[in-house]
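# Fold and contact review
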Amino acid sequence: MNYYYDFILNFNKEREPYYNFYEWEKDDDLVKIKKIPIFRVEEKVLISLFIYEGKIDVNWISNLKDKTTYKAGSKIKTIPYACVLTDTKSCIALKFSEEGTIIGKSLLLLDDELNLLEIGYSLKKEKILFTKGPKSKIRNNLRQELLIKQVIQKELEKAYKERNDTKLIYYHLEWFNNLNKDIDKIYQKMQEELKNDLTDSLLKIYYLVRLSYNKI
C-alpha cells in the first residue's frame, strides 16, 4: 500500500458542502495528517466522487482500517477509514464509515495535489465499486457556479487565442461526446453553453482543466 505523509486536510461533515483550498479558514477543523493511503482510480470514478455522495464497496474499505494517522496536539491518533484518490488529473481525500458510506470529503492544498498527481503516474489503477447517492452539496451555489464557469471560459479563451486546436477539440468531445474539428464553431458552441445552468458535463470539463489552470 502506498502512502502520502505530513499535510493538511479539511474534511467536511457528512452531506455538507466541502471547500476549495483557497476558501479554507483558520477556524476550520483542519486535520494534520501524518500518513494516509493513496490510490489511483479511473477518471470517471473520481469525477463521480467529486459530484456525488455514496458508498464504496465494504470489502475494499476494510483494507483501510486504521491506516490513516493524524496529529492531535502532542498525540498521534487514527482515522478508522480514509484515503486519497487520484486519476493523475485531480485528487480528493475521503473518510468512510465502516459500511463504506462517504462521511467526509476534502480537497488538497495545491502543492500537495501536484505532488500526489506526480506520484499517481507510478501507481496501478485500483478497481473501486462506487454506488452513487445524491449529488454533493456545493457551498454557495451562485459563487461556486460563477467560479467554475470563469475557469472554463478562461481556459477556452486562452486555447482559442493560441490556436490550440487539439485542446479545443478534446474539450468539445468530452463535453458533448461529439467529434467536430471546426474550431470556430465548437468554440462558439462551448461559449454559448457556458450561459446555461451548471450540469454534470460542465463539472467534468472544470475538473479536466483545473490542474492546467492552477499552473497558470
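Everything discussed here concerns the structure shown above.
The notes below deal with the structure included here. Computed from a predicted structure; not experimentally measured.

Moving on to the overall build of the protein chain. In terms of helices and strands, the protein chain carries seven helices and nine strands. What you see for the protein chain is a C-alpha radius of gyration of 18 Å, in line with the 17 Å of a compact globule of 216 residues. Considering only C-alpha atoms, the protein chain reaches an extent of 60 × 35 × 30 Å along its principal axes. Taking all 216 residues of the protein chain together, 45% fall into the buried category. Within the protein chain, residue pairs in contact and separated by at least 24 positions form 71% of the contacts whose partners lie at least 6 positions apart. Counting every atom, the protein chain has about 11,800 Å² of accessible surface; 48% of that belongs to carbon and sulfur. Of the charged side chains in the protein chain, 38 are positive and 33 negative, and the gap between their average positions amounts to 3 Å.

As a further point, take the environment of Asp-112. The topology assignment puts Asp-112 in helix 3 (residues 110-120). We classify Asp-112 as buried; its relative accessible area is 13%. Distance from Asp-112 to Asp-6, taken between C-alpha atoms, is 9.6 Å for residues 106 residues apart in sequence.

Formed by 45 residues in total, the largest nonpolar core has its most connected members in Trp-60, Leu-85, Phe-96, Ile-152 and Leu-156. Sorting elements by how many residues they give to this core places helix 7 (residues 200-214) first, with seven residues. Not counting the four nearest positions on each side in its chain, Phe-96 is found in contact with Ile-56, Ile-61, Leu-64, Tyr-81, Ala-82, Cys-83, Thr-101, Ile-102 and Ile-103. Grouped together as the second largest cluster of nonpolar side chains are 18 residues, Phe-11, Ile-33, Ala-93 and Leu-116 included.

Turning to the pattern of salt bridges, a few remarks are in order. Proximity of charged atoms lets side chains of opposite charge pair with each other. In this structure the tally under the stated criterion is ten salt bridges. Lys-89 is the salt-bridge partner of Glu-43, the closest N and O atoms lying 3.0 Å from each other. Separated by 46 residues along the polypeptide, Glu-43 in helix 1 (residues 43-51) and Lys-89 in the loop between strand 6 (82-86) and strand 7 (91-96) bring together distant segments of the chain. Relative accessible area serves as the criterion here: at 29%, Lys-89 is assigned to the partly exposed category. When the shortest N-O distance is used, the salt bridge between Lys-204 and Glu-174 registers 2.8 Å. Here Glu-174 lies in helix 5 (residues 165-176) and Lys-204 lies in helix 7, a separation of 30 residues in the sequence. Note on Lys-204: relative accessible area 22%, which makes it partly exposed.

Moving on, we get to the environment of Leu-202. Along the polypeptide, Leu-202 turns up in helix 7. Taking C-alpha positions, Leu-202 is 8.2 Å from Lys-149, a pair spaced 53 residues apart along the chain. Leaving out residues up to four positions away in the same chain, Leu-202 has contacts with Lys-149, Ile-152, Trp-175, Leu-194 and Asp-197.

Given a rise of 1.5 Å per residue, twelve residues ought to cover 16 Å, and the 16 Å separating the end C-alpha atoms of helix 5 matches this to within 8%. Buried within helix 5 we find Leu-168, Ile-169, Tyr-171, His-172 and Trp-175. The buried residues of helix 5 all sit within an arc of 165° when viewed along its axis, so they share a single face. With its phi angle positive at about 55°, Asn-177 sits one or two positions after the end of helix 5.

Here is what the cut-offs are and how they apply
- Residues numbered from 1 in each chain as written.
- Predicted model: local features only at pLDDT ≥ 70, side-chain atom pairs only at ≥ 80, totals over all residues.
- Heavy atoms only, no water.
- Helix = DSSP H or I, 4+ residues; strand = E, 2+ residues; numbered from the N terminus.
- Rg over C-alpha atoms; globule rule 2.2 N^0.38 Å.
- Buried < 20%, exposed > 50% of the residue type's maximum accessible area, 1.4 Å probe, protein only.
- Contact = heavy atoms within 4.5 Å.
- Areas by Shrake-Rupley, 256 points an atom, 1.4 Å probe, with all protein chains shown as cover.
- Lys, Arg positive; Asp, Glu negative; His and termini not counted.
- Charge placed at Lys NZ, Arg CZ, Asp CG, Glu CD.
- Core = buried A, V, L, I, M, F, W, Y, C linked by side-chain atoms within 4.5 Å.
- Salt bridge = Lys/Arg side-chain N within 4 Å of Asp/Glu carboxyl O.
- Expected span 1.5 Å × (residues − 1).
- Arc of directions from axis to C-beta.

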